[in-house]
Amino acid sequence: MTKVAVLGAAGGIGQPLSLLLKLDKAVTDLSLFDVVNVPGVGADLSHINTDAKVSYHLKSDNNGTGLQSALQGADIVIIPAGVPRKPGMTRDDLFKINGGICADLATGIATTCPDALVLVISNPVNSTVPIFAEVFKKHGSFNANKLFGVTWLDTVRANTFIAQATASYPTSFKVKVVGGHSGDTIVPLYSVTAADAYAKLSNEEESALIHRVQFGGDEVVQAKQGAGSATLSMAYAGYRFLKTFLNAKDLEEPIVESCYISLDESVKGAKETKAYLKELTGEDIEFFAMPCKLGSNGVESIEFDLLKAANDKERQLINVCANTLTGNINKGVSFIRGN
Ligand code: APR
């Protein structure tokens, strides 16, 4: 029995994500929540003859208790709620609006389903995940092993773009990506996780590839001409990441995927990762995307060795990432602490 709640289910990401979840046999209950339009999306999906039982909840339902009803008994909560990025808008411009939305949703989770796995898509992920962590800490429900920023679209793009650059089959790669989830905070570890193909690229091709992974989201924003940012590829990435936890129950070995997590000491491997990042960058980094062994209860351990194997160029990229990322994290923390 697995109940998945989608917060922001009526949106551009929320709808295809909910469809993918409705088609997944491992989901028994699919709970859809939004501030608008969710009854239509829910009624529509409920006609599909798969097992997942669909329920839908507007925030305003039952005197404003719709969020609590949506979250009741949820095992996994995935959150694409918010406002999407428009041309000329950076992920940070979104921060004020989405930060407030995230703080409200985090409070609902902390008080209704504090043990759920929480998967954050709402941007800017570098700052919204620290907001969730702060709210959970306030409520005494913070578990660093169960809170994730979904950075899987960076992994998807890293795999797709190296396949294109090297004329390889699209599913040939399993690149791991570290750092954050915007621009120069995204660091694909190509030398570690796609060494053979990567070695064939010239310096120029290598730089162009890394730039494309870091700023691939802009290609979609520009192509959509004002209609928003990535939705279909993001829904796919969110679903695939969530599926890791659905699959984990049936697998003996945990799955290794990249995700943005707290480097709290309670996470196995966080201490070494933090110390390494401090030595490399001089920064105390509290949240960082790392390849993690994931099981049905969340992070089992961080795969620190993959980070340690980064080449010089990747280490330089991590240095650039650290500066921006620390600012993004502080922004999220200050948003809640009010300073
Ligand atoms: N609670 C729940 N849902 C909300 C709330 C809220 N407080 N506020 C807004 N929403 C809903 C909107 O009603 C909408 O249905 O979130 C959904 C967002 O959908 P879109 O506007 O279509 O945005 P989308 O492209 O899906 O992106 C959502 O994910 O990748 C990020 O940058 C993106 O932060 C943005 C988010």
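Conventions and cut-offs
- Residues numbered from 1 in each chain as written.
- Predicted model: local features only at pLDDT ≥ 70, side-chain atom pairs only at ≥ 80, totals over all residues.
- Heavy atoms only, no water.
- 1 Å grid on protein atoms, 1.4 Å probe; cavity = no way out; pocket = protein on both sides within 12 Å on 5 of 7 lines; lining within 4 Å.
- Points joined across faces, edges and corners; volume = space filled by probe spheres on them.
- Helix = DSSP H or I, 4+ residues; strand = E, 2+ residues; numbered from the N terminus.
- Nonpolar A, V, L, I, M, F, W, Y, C, P; charged D, E, K, R; others polar.
- Near = heavy atom within 4 Å.
- Polar contact = N/O pair within 3.5 Å; in protein donor to acceptor, adjacent residues only side chain to side chain.

## Quick word on the layout of surface pockets
And then number 1: Computed from the structure, the second largest pocket encloses a volume of approximately 400 Å³.
And then number 2: Lining the second largest pocket are 18 residues, with Trp152, Asn159, Phe173, Tyr236 and Arg240 positioned closest to its centre.
And then number 3: Elements supplying a minimum of two residues to the lining of the second largest pocket: α7 (152–165), α11 (232–248) and β9 (255–262).

## Observations concerning empty space enclosed by the protein
And then number 1: Summed over all chains, the structure comprises one cavity of 30 Å³ or more.
And then number 2: Size it by volume and the largest cavity reaches roughly 60 Å³.
And then number 3: As for the largest cavity, its lining consists of Ile109, Pro114, Ala116, Val118, Phe136, Ser141, Asn143, Lys146 and Leu147.
And then number 4: Per-class residue counts for the lining of the largest cavity are six nonpolar, two polar and one charged.

## A few points about the site of the ligand
And then number 1: In the vicinity of the ligand there are 22 residues, among which Gly12, Ile13, Asp34, Pro80 and Asn98 approach most closely.
And then number 2: At a separation of 2.7 Å, an oxygen atom of the ligand approaches a polar backbone atom of Gly12.
And then number 3: Val83 places a main-chain nitrogen or oxygen 3.3 Å from an oxygen atom of the ligand.
And then number 4: Elements supplying a minimum of two residues to the shell around the ligand: β2 (29–34) and α5 (95–112).
And then number 5: Broken down by element, the shell around the ligand gets its largest block of residues, three residues, from α5.
And then number 6: In the shell around the ligand, the residues fall into 13 nonpolar, eight polar and one charged.

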